[in-house]
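What the coordinates show
This is what each chain is made of:
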Amino acid sequence: MTPLSQAIVQTAANPYLIQPATIVEKIREAEGIDTYRLRFVDEQARRTYRFAAGQFNMVYLFGVGEVAISVVSDPDESESLDHTIRVVGRVTKAIAQLQPGDELGIRGPFGQGWPLEAIRDKDIVIVTGGLGCAPVVGAIEYVFRRRSRYGKVKILHGVKTPHDLLFRQRFDAWRRQPDTQVLLTSDQPDKTWHYHVGVVTELFEQVAVDPARTVVLMCGPEIMMRLGAPILIERGVPAAAIYVSLERHMECGIGLCGHCQMGPYFLCKDGPVMSYDQAAPWLGKVGV
């Protein structure tokens, strides 16, 4: 059984079950942004929990509420589970007060992840923008831990300011991987910035793409996807070979509450990862 099918079986068994997990490490990424390394309290939960890169959990703070957060660790890491959380509201503000030894609840995993098994032997172009790179971090780690299974890897990441650049050490480590190109850009640089200046789509000019063997993984602001995907399509990459990770307000995780509806889709179960040809008609439209 694949990690994704195991995740589906587990979630289907009881999608409302909350498993307590201890914070074993809290890693500061930037002001107001931390990665929480969690370990399930229950030993059986540690043995049976499986997820696919790109899926998310509902992270629950007892007595406060829960919030949808992408899993950023490698799917084969069984002892711990990483979530990068930015303070944006009531629940995340309360979570930010926690320290190692405190507990959170985990409900999930939910949604569709990146098609990493289906794209073996392909070249991979990863395009991310702003603080939206967390959903693809687990996928990148997955690929590099299995480097021989994939072709060339190109990582293009854009931020507004250098202060917004998360995972600096990871970017440095990824740059040292074989057949890998890492390009960074900022559209509001300061004196410390030594990379490209501009928006992330400008980096496409620095990347050679073989359309017949290229798959694109894209996450970040929707305007970046709406502007960036057509450029890649013009270069010959099929729309069905471009995958986007979309963000909506998710509350239930199982397609019941309707908060994450986008056209005919519920992103908590039909997404958050979808092919661009599925998502394109609905991107940027208000009220769908």
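So, a few notes on the structure that sits alongside this text. (Residues numbered from 1 in each chain as written. Predicted model: local features only at pLDDT ≥ 70, side-chain atom pairs only at ≥ 80, totals over all residues. Heavy atoms only, no water.)

**Examining the overall build of the chain**
Which entries qualify depends on this criterion: Helix and strand labels come from DSSP, where a helix needs a run of H or I of at least four residues and a strand needs a run of E of at least two; each type is numbered from the N terminus. Summary of the burial criterion: residues with accessible area below 20% of their type's maximum are buried, those above 50% are exposed, and those between are partly exposed, where the area comes from a 1.4 Å probe applied to protein chains only. In this analysis, two residues are considered to be in contact whenever any of their non-hydrogen atoms come within 4.5 Å of each other. Using the Shrake-Rupley algorithm and a 1.4 Å probe, accessible areas are obtained, with residue cover drawn only from the displayed protein chains. In this tally, Asp and Glu contribute negative charge and Lys and Arg positive charge; neither His nor the terminal groups of the chain are included. Just so you know, the charge point we use is NZ for Lys, CZ for Arg, CG for Asp and CD for Glu.
Looking only at helices and strands, the chain has seven helices and 15 strands in total. Projected onto its principal axes, the C-alpha coordinates of the chain cover approximately 50 × 45 × 40 Å. Burial status across the chain gives 51% buried among its 288 residues. Summarising the internal contacts of the chain: among those between residues at least 6 apart in sequence, 69% fall at separations of at least 24. Total accessible area on the chain is roughly 13200 Å²; 51% of this is exposed by carbon and sulfur atoms. The positive charge centre, built from 31 side chains, and the negative charge centre, built from 32, are 1 Å apart in the chain.

**Here we look at the environment of Ile223**
With respect to the secondary-structure elements, Ile223 resides in helix α6 (residues 222-234). Residue classification places Ile223 among the partly exposed residues on the basis of a relative accessible area of 47%. Along the chain, Ile223 and Gly284 lie 61 residues apart, while their C-alpha atoms are 7.2 Å from each other.

**Remarks on the pattern of salt bridges**
The cut-off we apply is this: By definition here, a salt bridge exists when the distance from a side-chain nitrogen of Lys or Arg to a carboxyl oxygen of Asp or Glu is within 4 Å.
Applying the stated criterion across every chain yields a total of 17 salt bridges. Here Arg120 ties to Glu117 by a salt bridge, and the two come within 3.0 Å at their closest N and O atoms. Exposure remark for Arg120: the relative accessible area of 35% places this residue in the partly exposed category. Overlapping salt bridges, with partners in common, bring together Asp74, Asp76, Arg145 and Arg146 in one network.

**Brief notes about the pairing of strand β12 (residues 242-245)**
Filter applied, for reference: We treat two strands as partners when DSSP finds at least two bridges between them. Crossover handedness is defined by viewing with both strands directed away from the observer: a clockwise path from the first strand over the helix to the second marks the crossover as right-handed.
The alternating pattern of β12 places Ile242 and Val244 on one face and Tyr243 and Ser245 on the opposite face, and all of these are buried. Here strand β11 (residues 214-219) runs beside β12; their pairing, made up of four bridges, is parallel. Within β12, the position partnered with Cys219 by the bridge is Ser245. For the crossover that starts at β11, traverses α6 and ends in the parallel β12, the hand is right-handed. Where β12 meets strand β15 (residues 273-275), three bridges bridge the pair, whose relative direction is antiparallel. Its bridge partner being in β15, Ser245 is matched across the sheet by Val273.

**Here's the deal with the environment of Cys268**
Checked against the element boundaries, Cys268 lands in the loop between β14 (265-266) and β15. Distance in space between the C-alpha atoms of Cys268 and Phe110 is 6.5 Å, their sequence separation being 158 residues. For Cys268, the residues in contact, after removing those within four places along its chain, are Phe56, Phe110, Gly111, Met250, Gly253, Ile254, Gly255 and Cys260.

**Side note on the sheet that holds β15**
The strands making up a sheet associate through backbone hydrogen bonding, with each pair oriented either parallel or antiparallel. Just so we agree on the cut-off: Between N-to-C directions, angles span 0 to 180 degrees; the directions come from axes that are lines fitted to C-alpha atoms, helices contributing only their stretch in contact.
Strand order across the open sheet formed by seven strands is β10-β9-β8-β7-β11-β12-β15, with mixed pairing between neighbours. Of all strands in the sheet, those bounded by a partner on one side alone are β10 (196-197) and β15. Across six bridges, strand β7 (residues 123-129) lies against strand β8 (residues 153-159) in parallel orientation. Looking across to β8, one finds that Ile124 is bridged to Val153. Those strands touched by helix α5 (residues 168-175) are β8 and β9 (180-186), and its axis lies near 145° from that of β9.

**A short note on unusual backbone geometry**
With an omega of 5°, the peptide bond between Gly108 and Pro109 qualifies as cis. With an omega of 5°, the peptide bond between Gly271 and Pro272 qualifies as cis. Position of Pro272 among the secondary structure elements: in the loop between β14 and β15. At Asp121, a residue that is not glycine, the phi angle is positive and equals roughly 70°. Mapped onto the secondary structure, Asp121 falls in the loop between β6 (103-110) and β7. You can call Asp121 exposed: its relative accessible area is 54%. One non-glycine residue, Phe167, lies in positive phi territory at about 55°. Secondary-structure assignment places Phe167 in the loop between β8 and α5. With relative accessibility at 4%, the residue Phe167 sits in the buried group.

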